[in-house]
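The chain contents come next:
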2 protein chains.
Amino acid sequence: MLDGVENDRIRHVGLRERVTSAEEAAALIEDGMTVGMSGFTRAGEAKAVPMALAARARQHPLKITLMTGASLGNDLDKTLAEAHVLARRIPFQSDPALRKAINRGEVMFIDQHLSETVEMLRTRQLPRVDVAVVEAVAITENGGIVPTTSVGNSASFAILAEKVIVEINLNQPAELEGLHDIYIPTYRPNRMPIPVVTPESRVGLPFIPIPPEKIAAIVVTEKLDSSATILDPDADTRAIAGHLTEFLLHEVRAGRLDHTLQPLQAGIGTIANAVLHGFIDTPFHDLKMYSEVLQDSTFDLFDAGKLRFASGSSITLSAQKYQQVLPRLVEYKPRLILRPQEISNHPEVVRRLGLICINTALEFDIYGNVNSTHVAGTQMMNGIGGSGDFARNAYLSVFVTKSVAKHGAVSSVVPMVSHVDHTEHDVDILVTEVGLADLRGLAPRERAATIIANCVHPDYRPMLRDYYDRACQRGGHTPHVLEEALSWHVRLAETGRMI
Amino acid sequence: MLDGVENDRIRHVGLRERVTSAEEAAALIEDGMTVGMSGFTRAGEAKAVPMALAARARQHPLKITLMTGASLGNDLDKTLAEAHVLARRIPFQSDPALRKAINRGEVMFIDQHLSETVEMLRTRQLPRVDVAVVEAVAITENGGIVPTTSVGNSASFAILAEKVIVEINLNQPAELEGLHDIYIPTYRPNRMPIPVVTPESRVGLPFIPIPPEKIAAIVVTEKLDSSATILDPDADTRAIAGHLTEFLLHEVRAGRLDHTLQPLQAGIGTIANAVLHGFIDTPFHDLKMYSEVLQDSTFDLFDAGKLRFASGSSITLSAQKYQQVLPRLVEYKPRLILRPQEISNHPEVVRRLGLICINTALEFDIYGNVNSTHVAGTQMMNGIGGSGDFARNAYLSVFVTKSVAKHGAVSSVVPMVSHVDHTEHDVDILVTEVGLADLRGLAPRERAATIIANCVHPDYRPMLRDYYDRACQRGGHTPHVLEEALSWHVRLAETGRMI
Ligand SMILES: CC(C)(COP(=O)(O)OP(=O)(O)OC[C@H]1O[C@@H](n2cnc3c(N)ncnc32)[C@H](O)[C@@H]1OP(=O)(O)O)[C@@H](O)C(=O)NCCC(=O)NCCS
Ligand SMILES: CC(C)(COP(=O)(O)OP(=O)(O)OC[C@H]1O[C@@H](n2cnc3c(N)ncnc32)[C@H](O)[C@@H]1OP(=O)(O)O)[C@@H](O)C(=O)NCCC(=O)NCCS
């Protein structure tokens, strides 16, 4: 039944008889179950089984709790949402159709710090995973699962689930094997320190170790990962990168950093990618990344000879970059590790390594509180993702955003954010294309003065200064005119513009 | 010059000649300097030198940046604020007079996660400490400083400062020696895991190791620590303790915990102390604490045979408890450790040990966001303290508060908090005297339903339900009526009542 290629990929002989169709595998998933699927920022998600599940649900309605690493590609979240399969979705998503269902209150979305989901599963503070569905390049002789372009939460899902479905993707390169470092923290009360002490530390296994008898079905697939949706750098993102570079050079001159900086983390999205890309034209060298998603910019930095090593939980590339990188995977491999998101994002490791963390804000306020998730305080965009894991524990926590959105109708700097994801305590540096605010060691009133002077779009600066001046007349450690604090958002809702 | 007792306390012979008056020692502190002083929640602060400094400043004005562990006793912050000595104050305070000066914008207060201050100092992201002033029970043969009733940030202040002033307090019992465990994380990029793997782990030295020549002056003092200001349990705090106990027993029945629970952290203040005290009358046993401040309740639990071990950064007791505990210190000593606040609060250790963390909210909102610091979003109460270090990394993050304040004029549960210290992601359980909301694994709309049903005072419940119903009509993942979200606080400011 299986050809040679498939035999190479399923090296545990006894498991070969478990190969079946996506439909039959999906039949293991029943109404009401909790399902843990691979997939992290459009990389390495299980592709066939969820589609088969959606197809079945269109005939015979069913609902599940779906947990993943992070967002899924191949319109999976859209397809599942439109087939009304998702009762609950944990811990991240970034799909426009699912987002709408969440904001209508149809899908219960549990937005979590990405390092925490499996911690809660392991302590049974979230419902047990009934079935795990994990994309793999191979199953080892002993039944170990070798993930593809992401690790995400796959290892813990497979370890904790009652049954495991493996999707062997023949189009994910076999050379991915050896890239992964699967380490699971030991159980309390005997938990030992996580032995990762540099981005390069290899501390685990190159596969997910589970008893082979748990593998209930194997599906052979060929569909590729979706490409990243990030846009090319533009004038604004180049300006943001420029301000940040200038600041970091200042830190080097002040003797706080050298030109190798500290290990870098960069968040998802267009702006963070552009900022990282901007490091190509800087005197920084021998850089390292300890991040979550490795985007195009990681490989641009490798190719420019700027980057020594990159650790992440997934590789998510544009179509063009994918064509360049995948054939040369063996070249990059000695300088890459993919880890479980619990480890890539772990507070213990982030704090130990002392990362420079660059994440994107939707909006921030005059005191430096950041909203990364909720448009107008209510409409979920994607989720907090790993931004909190990193920002809280960073050596230097940077948030970037353009100073205005929606062609100037929206100011990204507001009197009070309409939702708080990161409090002022977790935000050291704010950057827009206008400029950079260094908030370290400043009290709220000083933060406000710095932010208003440096980050706000000129169209909004007088209004913001006026707000702040009137707030100061009322006094307080963190002055506000409470009845006006959210008025910019209210005006936006009423008139379509903040100004 | 020195008598026998003082010679016992200053065992490094060469340093005995540095003994001087508080006034002369204080003369080492100059206008514009950054000074790091011992003291953590009214325990173990330097007592004589800051008073002498304030006295001098009343004649010859001067301003400093004052860093401590946390709050100071003996009206030191009041005295320094009233003498206008404080230009900047870092990272915590709880003094009514200083609070007023901060809220008037006269003192720049940098409110920080208590584990982070020395991390920023060490990386020179805060101004260098010119002079450290540390209360000690003794100086060892080699010039090591043995702290008194708190460690706080004293070790790093002394290590990083240019000059160190030691206050030898003859009335702090010599038996405190041996209680402390001074461990400082190694420097990046070679930072190793912090080896604390249980509350009992001893991983450092019993004194602060510094070169003796840095000790520029020694002052002999006799003043006692101030007593704690916590109130006795009342009907409401007993009800809160009751709800939490009932919940934890439910967790035991569900097999997620056993009767020894997980190590406990309890925040400052009356309510947290009362909750912990409430554990005396429960079937829980062989408990351990890995906390910040050890209050009366810690020793009540020891005496009741409930507690096996307690690790903290300070011991802060009521006058009565102080009289009982201090004479019996040698009995308690084998079951106590005092650590630097960087370690007692370290994300790495908190997450590893899996703590049950109980902290106090001023107010929380229908989605479970918590405000611990800012009355009406603007007026600083004390500071975030260690609550974020613990809540973010807890096994179980509990926040407690009474459902109303100011005799019912204020609801502690509001549509939207006026300031966010802890986002919904970091809050698992909310408890008021009305009841308990278990928010684990719930989406915002589910959190709102649970909180409104369980935690809100009956006088405010209909209003809050009405707000939430109207918010849901507008939709969103986290529904709000934005123009009304802060209206309860605005009404309070205008009318003195929220209702
Ligand atoms: C914040 C975040 C949405 C920005 O994404 P991005 O692709 O870099 O940024 P963009 O500027 O393209 O903004 C994305 C959208 O938000 C809109 N937007 C930006 N600022 C806005 C604001 N203040 N108000 C309303 N909408 C705003 C943009 O207009 C754009 O809308 P569109 O998709 O309709 O064009 C994204 O980084 C995110 O989800 N972050 C949270 C998770 C995270 O930080 N993870 C990091 C660890 S991996
Ligand atoms: C939140 C905190 C102030 C509560 O302290 P507490 O002593 O347990 O609580 P109390 O109920 O006595 O409240 C203290 C004051 O706040 C007032 N208060 C409480 N809730 C309020 C609200 N929602 N709005 C306005 N005032 C409120 C009380 O009326 C009381 O005022 P008073 O001093 O004038 O009587 C205190 O726990 C704190 O500072 N926490 C932040 C730091 C922290 O959590 N550290 C923990 C790690 S150690």
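Residues numbered from 1 in each chain as written. Chains lettered and ligands numbered in written order. Predicted model: local features only at pLDDT ≥ 70, side-chain atom pairs only at ≥ 80, totals over all residues. Heavy atoms only, no water.

Peer 1: Help me out: how do you make sense of the site of ligand 1 in this one?
Peer 2: Residues and elements named next belong to chain A. The local shell around ligand 1 holds 22 residues, among which Glu-292, Leu-362, Met-381, Asn-382 and Lys-406 are the closest. Within the side chain of Lys-406, one N or O atom sits 3.0 Å away from an oxygen atom of ligand 1. For ligand 1, the protein covers 77% of the area, taking 960 Å² as the surface of the free molecule. Among the elements of the structure, helix 9 (270-277) and strand 15 (356-360) are those that each provide at least two residues to the shell around ligand 1. In terms of residue class, the shell around ligand 1 is made up of 8 nonpolar, 11 polar and 3 charged. (Near = heavy atom within 4 Å. Polar contact = N/O pair within 3.5 Å; in protein donor to acceptor, adjacent residues only side chain to side chain. Areas by Shrake-Rupley, 256 points an atom, 1.4 Å probe, with all protein chains shown as cover. Helix = DSSP H or I, 4+ residues; strand = E, 2+ residues; numbered from the N terminus. Nonpolar A, V, L, I, M, F, W, Y, C, P; charged D, E, K, R; others polar.)

Peer 1: Help me understand the sheet that holds strand 17 (residues 370-371) of chain A, please; the structure alone is not making it clear to me.
Peer 2: Residue and element names in this part refer to chain A. Within the open sheet, the 3 strands sit side by side as 17-16-23. Their pairing is mixed. A single partner strand is all that each edge strand has here, and the edge strands are strand 17 and strand 23 (413-414). Taken together, the 2 bridges between strand 16 (residues 363-365) and strand 23 define a ladder with parallel strand orientation. Considered in strand 23, the bridge of Asp-365 is made with Val-414. (Pairing = 2+ DSSP bridges.)

Peer 1: Would you explain the packing of helix 9 of chain A against helix 10 (residues 296-303) of chain A in this entry?
Peer 2: Helix-helix packing is described using two parameters, namely the angle between the two axes and the distance between the axes. Residues and elements named next belong to chain A. At a minimum axis distance of 8 Å, the contact between helix 9 and helix 10 shows a crossing angle of 5°. The pairing of helix 9 with helix 10 is recorded here as roughly parallel in orientation. Residue-level inspection shows Asn-273, Leu-276 and His-277 of helix 9 in contact with helix 10, the latter providing Asp-296, Ser-297, Asp-300 and Leu-301. Considering only residue class, the contact of helix 9 with helix 10 consists of 2 nonpolar, 3 polar and 2 charged. (Axes fitted to C-alpha atoms, helices over the stretch in contact; angles between N-to-C directions. Parallel < 35°, antiparallel > 145°, perpendicular 65-115°, else oblique. Contact = heavy atoms within 4.5 Å.)

Peer 1: Before we go on, may I ask you to explain the sheet that holds strand 23 (residues 413-414) of chain B in this structure?
Peer 2: Adjacent strands of a sheet form backbone hydrogen bonds with each other and so pair up, either parallel or antiparallel. Here 3 strands make up an open sheet; going across it, the order is 17-16-23 (chain B) and the pairing mixed. Of all the strands in the sheet, the pair left with one neighbour each is strand 17 (370-371) and strand 23 of chain B.

Peer 1: Sorry, what's going on with the pairing of strand 1 (residues 34-37) of chain A here?
Peer 2: In regular strands, side chains alternate between the two faces of the sheet. All names here are of chain A. Burial of strand 1 is two-sided: the residues Thr-34 and Gly-36 facing one way and the residues Val-35 and Met-37 facing the other way are all buried. Two strands pair when backbone bridges link them, and strand 1 and strand 2 (residues 64-67) are joined in this way by 3 bridges, in the parallel orientation. By the bridge assignment for strand 2, Gly-36 is matched with Met-67. Pairing of strand 1 with strand 5 (residues 131-139), which is carried by 3 bridges, proceeds in the parallel orientation. (Buried < 20%, exposed > 50% of the residue type's maximum accessible area, 1.4 Å probe, protein only.)

Peer 1: Looking at this structure, I do not really get the site of ligand 2. What am I missing?
Peer 2: Residues and elements named next belong to chain B. Close to ligand 2 lie 22 residues, the nearest being Glu-292, Leu-362, Met-381, Asn-382 and Lys-406. With respect to ligand 2, the backbone of Thr-270 contributes an N or O atom lying 3.3 Å from an oxygen atom. Contacts to ligand 2 include Leu-362, whose backbone N or O atom sits 2.8 Å from a nitrogen atom. Surface burial for ligand 2 is 77%, taken as the share of its 960 Å² of free accessible area covered by protein chains. Here the residues of the shell around ligand 2 sort into 8 nonpolar, 11 polar and 3 charged.

Peer 1: Would you mind going over the interface of chain B and chain A with me for this structure?
Peer 2: Where interface size is given, it is often the accessible area lost as the parts come together that is meant. Across the boundary between the two partners, chain B contributes 76 residues, which contact 77 residues of chain A. Between chain B and chain A lies a buried interface of about 6400 Å² when both sides are counted; carbon and sulfur atoms form 52% of it. For the interface between chain B and chain A, the tally reads 6 salt bridges. Glu119(B) is paired through a salt bridge with Arg351(A); the nearest N and O atoms lie 2.7 Å apart. Those elements that provide at least two residues to the side of chain B that touches chain A are helix 5 (96-103), strand 4 (108-109), helix 6 (117-122), helix 14 (347-353), strand 19 (379-380), helix 15 (387-393), helix 16 (444-454) and helix 18 (487-495) of chain B. Broken down by element, the residue count for the side of chain B that touches chain A peaks at 5 residues, all from helix 14 of chain B. (Buried area = accessible area lost by both parts, 1.4 Å probe. Salt bridge = Lys/Arg side-chain N within 4 Å of Asp/Glu carboxyl O.)

Peer 1: For this particular structure, what's the right way to read the pattern of salt bridges?
Peer 2: Opposite charge on two side chains permits them to pair, given that their charged atoms come into close proximity. Using the criterion set out here, one finds 64 salt bridges over all chains in the structure. A salt bridge links Arg470(A) to Glu484(A); the nearest nitrogen and oxygen atoms lie 2.8 Å apart. Here Arg470(A), found in helix 17 (residues 461-474), pairs with Glu484(A), found in the loop between helix 17 and helix 18 (487-495); they are 14 residues apart in sequence, far enough to count as distant. For Asp466(B), the salt bridge goes to Arg470(B), with nearest N and O atoms at 3.2 Å. In this pair, Asp466(B) and Arg470(B) both sit in helix 17 (residues 461-474), 4 residues apart, roughly one turn of the helix. A relative accessible area of 38% means that Asp466(B) is categorised as partly exposed. Linked by salt bridges that have partners in common, Glu119(A), Arg122(A), Arg188(A), Arg191(A), Glu342(A) and Arg351(B) make up one network.

Peer 1: It is not clear to me how the packing of aromatic side chains should be interpreted in this structure. Could you clarify?
Peer 2: Here the distance between the centres and the angle between the planes together describe a pair of aromatic rings. Residues and elements named next belong to chain A. Throughout the structure, instances matching the rule amount to 12 aromatic pairs over all chains. Aromatic side chains Tyr-367 and Tyr-468 sit 6.4 Å apart centroid to centroid with 70° between the ring planes, which places their arrangement in the edge-to-face category. On the criterion of sequence distance, the pair formed by Tyr-367 in the loop between strand 16 and strand 17 and Tyr-468 in helix 17 is long-range, its members being 101 residues apart. Joined through ring pairs, the aromatic side chains of Phe-299, Phe-302 and Tyr-332 make up one cluster. (Phe/Tyr/Trp six-rings, centres within 6.5 Å; stacked < 30°, edge-to-face > 60°.)

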